[in-house]
Structure formats: structure tokens, C-alpha cells
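# An overview of the molecular structure
The chain contents come next:
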Protein chains: 2
Amino acid sequence: MPAVKIVVDVMLKPEILDPQGQAVANALPSLGFEPARSLRIGKHVELELEAADEQAALEQAQTMAEKLLANPVIEDYSVRLG
Amino acid sequence: MPAVKIVVDVMLKPEILDPQGQAVANALPSLGFEPARSLRIGKHVELELEAADEQAALEQAQTMAEKLLANPVIEDYSVRLG
């Protein structure tokens, strides 16, 4: 079966605090950068799945995102072809 | 100045081991998923910058990625409009 490249991006929901992003945002001025209006950090997952076609691979990745890659209580995710 | 949404994706270079991605890849079969041919995990940064225009914001984000968000010795990054 052909390998299909998929990208899953996982971000904390907007109402959940993001200490990592906050730390980077706070560091910007002292490093000589303009302050950012917002800055949030999540996960970027690149995977290759063997599937009959792109649609099947996307559905497989969707289930993986829901059950393994993201915590849907506090995180949003997006799945797309890579 | 208008706020411009930017996305920076940071991935370990292909020749650098990715233990986090490896751990997730190894977990797939025991969770009932088909094995992935490859799976690598990086950072997904969403930021809003105040800049004169999109081009200026992209250049600012490019410098941030190079100096702060990524370690160019072991990581590749991509910068795009969000």
C-alpha cells in the first residue's frame, strides 16, 4: 500500500493556560524582539501511514489524534495531508 | 499596526533521533492502530505579531525562529502566515 504523509497539529484550547508559550513571549523583549500580541506552543506531528488511499489515511490519523496524540479535554487538533 | 498571524513549525532534522516520536510510534500497535512508516514530533508555534505588513511580520518571525524558537544545529523550521 502507498504511504500517505499526514500532519497533525495539536494546540492547547484557547481557554487553557500555556506556560511554555508564555515563557517564550516574556523572553522576546529582553532578546531585542518586538513583543508578540499572542504566542502559543503546541505539537506538530508528521507521520507516514500505509493506507489504501488518502481518505483512509486521514481517517486513521483522525482516530490517532483523538485517542493518542491529543487530549481532547484540553487540546484541539487539526489533521491534514502533509 | 495590524496584527499578523504567523505559524512556525520546528522539527528535529531527519538525521537526529526523535525519542518522543519513536515512543508514540512504538505505542501504536498495542493501541490497536496500524504501525506508522514514520512518525516524528516537533513544535507548532502560533503567534500574532504587530507589524506594518505581512512581509515585515514574516521577517520578524524568521529571526525569532532562527534565534529563539529553533536550535538550527539540530532543528529545521518553517515560517508561514497563519
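Residues numbered from 1 in each chain as written. Chains lettered and ligands numbered in written order. Predicted model: local features only at pLDDT ≥ 70, side-chain atom pairs only at ≥ 80, totals over all residues. Heavy atoms only, no water.

### Focus: the relation of the copies chain A and chain B
With an RMSD of 0.0 Å, the operation that places chain A on chain B is a rotation of 180° combined with a shift of 0.0 Å along the axis. Viewed as a symmetry operation, the transformation between the two copies matches a two-fold axis. Most of the interface of chain A is mirrored in chain B, where 100% of its interface residues again form contacts. (Least-squares fit on C-alpha atoms with pLDDT ≥ 70 in both. Contact = heavy atoms within 4.5 Å.)

### Remarks on the environment of Leu12(A)
Here Leu12(A) shows up in strand β1 (residues 3-12). Taking the C-alpha atoms as reference, Leu12(A) lies 6.1 Å from Asp76(A); in sequence the two are 64 residues apart. (Helix = DSSP H or I, 4+ residues; strand = E, 2+ residues; numbered from the N terminus.)

### Thoughts on the interface of chain A and chain B
Across the contact, 32 residues belong to chain A and 32 residues belong to chain B. A buried area of about 2700 Å², summed over both sides, lies between chain A and chain B, and 63% of it is on carbon and sulfur atoms. Looking at the side of chain A facing chain B, the largest losses of area belong to Phe33(A), Arg37(A) and His44(A), adding up to 22% of the total buried there. At the junction of chain A with chain B, the criterion picks out 2 salt bridges. Between Glu50(B) and Arg37(A) there is a salt bridge, with the nearest N and O atoms lying 3.1 Å from each other. Along the contact surface separating chain A from chain B lie 12 residue pairs in polar contact (both at pLDDT 80 or more). Sorting the residues of the side of chain A that touches chain B by element identifies β1, α1 (19-30), β2 (36-50) and α2 (54-69) of chain A as the ones contributing at least two each. Broken down by element, the residue count for the side of chain A that touches chain B peaks at 15 residues, all from β2(A). (Buried area = accessible area lost by both parts, 1.4 Å probe. Salt bridge = Lys/Arg side-chain N within 4 Å of Asp/Glu carboxyl O. Polar contact = N/O pair within 3.5 Å; in protein donor to acceptor, adjacent residues only side chain to side chain.)

### Some remarks on the pattern of salt bridges
Pairs may arise between side chains of opposite charge once their charged atoms sit close together. Residues and elements named next belong to chain B. Taken as a whole, this structure holds 6 salt bridges over all chains when the rule is applied. Here Asp9 makes a salt bridge to Arg80, at a shortest N to O gap of 2.9 Å. Taken together, the positions of Asp9 in strand β1 (residues 3-12) and Arg80 in strand β3 (residues 75-81) put the pair 71 residues apart, joining distant regions of the chain. Of the residues examined, Asp9 reaches a relative accessible area of 5% and is grouped as buried. Taking the shortest distance from any N to any O, the salt bridge between Asp76 and Lys13 comes out at 3.4 Å. Of this pair, Asp76 sits in strand β3 while Lys13 is found in the loop between β1 and α1 (19-30), placing the two residues 63 residues apart along the sequence. (Buried < 20%, exposed > 50% of the residue type's maximum accessible area, 1.4 Å probe, protein only.)

### With respect to the pairing of β2(A)
As defined by bridge partners, β1(A) adjoins β2(A) across 8 bridges and the pair is classed as antiparallel. Bridging from a neighbouring strand, Lys5(A) pairs with Glu48(A) of β2(A). Looking at chain direction, β2(A) and strand β2 (residues 36-50) of chain B are connected through 13 bridges and run antiparallel. Note that in β2(B) the partner of Leu49(A) across the bridge is Ala36(B). (Pairing = 2+ DSSP bridges.)

Read these as layout, nothing more, since geometry by itself doesn't imply function.
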